[in-house]
Amino acid sequence: ANHSMICPTNHKLMFFAHEGITYYISNRLWLHNAENGCMKNIAKQSLDNDGNLADCYGHEMWAPDGKGMYFVKYCCSPQPPSGICYVDIETGETKLLYSKYNYWHVGVSSDGNYLVSDTADEEDDMSRVVLIDRLKNTETIIDKVHTTWQHPCHPHPQLSPDNSKLVYCALENDRICVKVMNLF
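Summary of the structure given here.

Conventions adopted
- Residues numbered from 1 in each chain as written.
- Predicted model: local features only at pLDDT ≥ 70, side-chain atom pairs only at ≥ 80, totals over all residues.
- Heavy atoms only, no water.
- Phe/Tyr/Trp six-rings, centres within 6.5 Å; stacked < 30°, edge-to-face > 60°.
- Helix = DSSP H or I, 4+ residues; strand = E, 2+ residues; numbered from the N terminus.
- Buried < 20%, exposed > 50% of the residue type's maximum accessible area, 1.4 Å probe, protein only.
- Disulfide = S-S within 2.5 Å.

Here the focus is the packing of aromatic side chains. Each aromatic ring pair is characterised by the separation of its centres together with the angle its planes make. Enumeration according to the criterion identifies 4 aromatic pairs in this entry. For the pair Phe 16 and Trp 30, a centre-to-centre distance of 6.2 Å together with 20° between the ring planes defines the contact as stacked. Placement of Phe 16 in strand β2 (residues 13–18) and of Trp 30 in strand β3 (residues 29–33) is noted, with a sequence separation of 14 residues between them. With a relative accessible area of 9%, Phe 16 lands in the buried category.

What follows is the structure in structure tokens.
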């Protein structure tokens with residue numbers, strides 16, 4: 001199985017990911033150019049000395065300018081550190097940007113100034129919802145929510161187009177709900 005997303009600035013570019021168990025799926029992030037039919041892996045994943053996957057990637061999201069993808073290098077990666085990463089689709093340069101928490105999903109504001117994420121802290125039934133201000137370089141927990149760790153009860157936060165609201169899922173009174181938080 002795979003999932004795909006069309007580039008926000010060029011409808012002929014489509015990102016797709018090879019899905020599967022994160023410990024075993026290497027070369028996960030791909031780009032297809034419909035104009036010339038070319039496909040390329042855009043984020044090389046490291047292997048350890050035994051040939052096992054050292055970088056576990058997932059939960060990708062286009063940058064609003066269409067020049068790259070944000071994704072999470074999971075805390076289960078055998079080769080630390082983990083966190084929110086960015087890959088430039090032209091150069092393939094991959095950077096770890098934020099690693100204060102055990103990030104799980106990443107969302108991007110329409111202007112690229114903010115990232116939002118939830119955390120995969122499985123020592124309890126809570127996931128933290130984190131707002132990352134890219135201009136101030138801060139990572140701030142803005143809520144803690146109960147989760148079942150099963151779909152559809154992943155917080156998976158997303159910002160409204162004007163950055164004024166944050167939307168995410170939570171478990172409250174044994175029911176999955178959608179929370180809306182006013183930010184600015």
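Working note: non-glycine residues mostly have negative phi, and peptide bonds are mostly trans. A cis amide bond links Pro 80 with the next residue in sequence, Pro 81, at an omega value of 5°. Inspection of the secondary structure assignment puts Pro 81 in the loop between β6 (68–73) and β7 (83–88). Unusually for a residue other than glycine, His 59 sits at a positive phi of about 50°. Tracing the backbone through its elements, the reader meets His 59 in strand β5 (residues 57–62). Here the phi dihedral of Asp 174 falls at roughly 60°; this positive angle occurs in a residue that is not glycine. The topology assignment puts Asp 174 in the loop between β14 (165–172) and β15 (175–182). Taking the relative accessible area as the measure of exposure, Asp 174 reaches 74% and is therefore exposed.

Here we take up the state of the cysteines. In total, this model carries 0 disulfides according to the counting rule given. No disulfide involves Cys 56; its sulfur sits 4.3 Å from that of Cys 76, the nearest cysteine. Note on Cys 85: no disulfide assigned, nearest cysteine sulfur contributed by Cys 56 at a separation of 12 Å.

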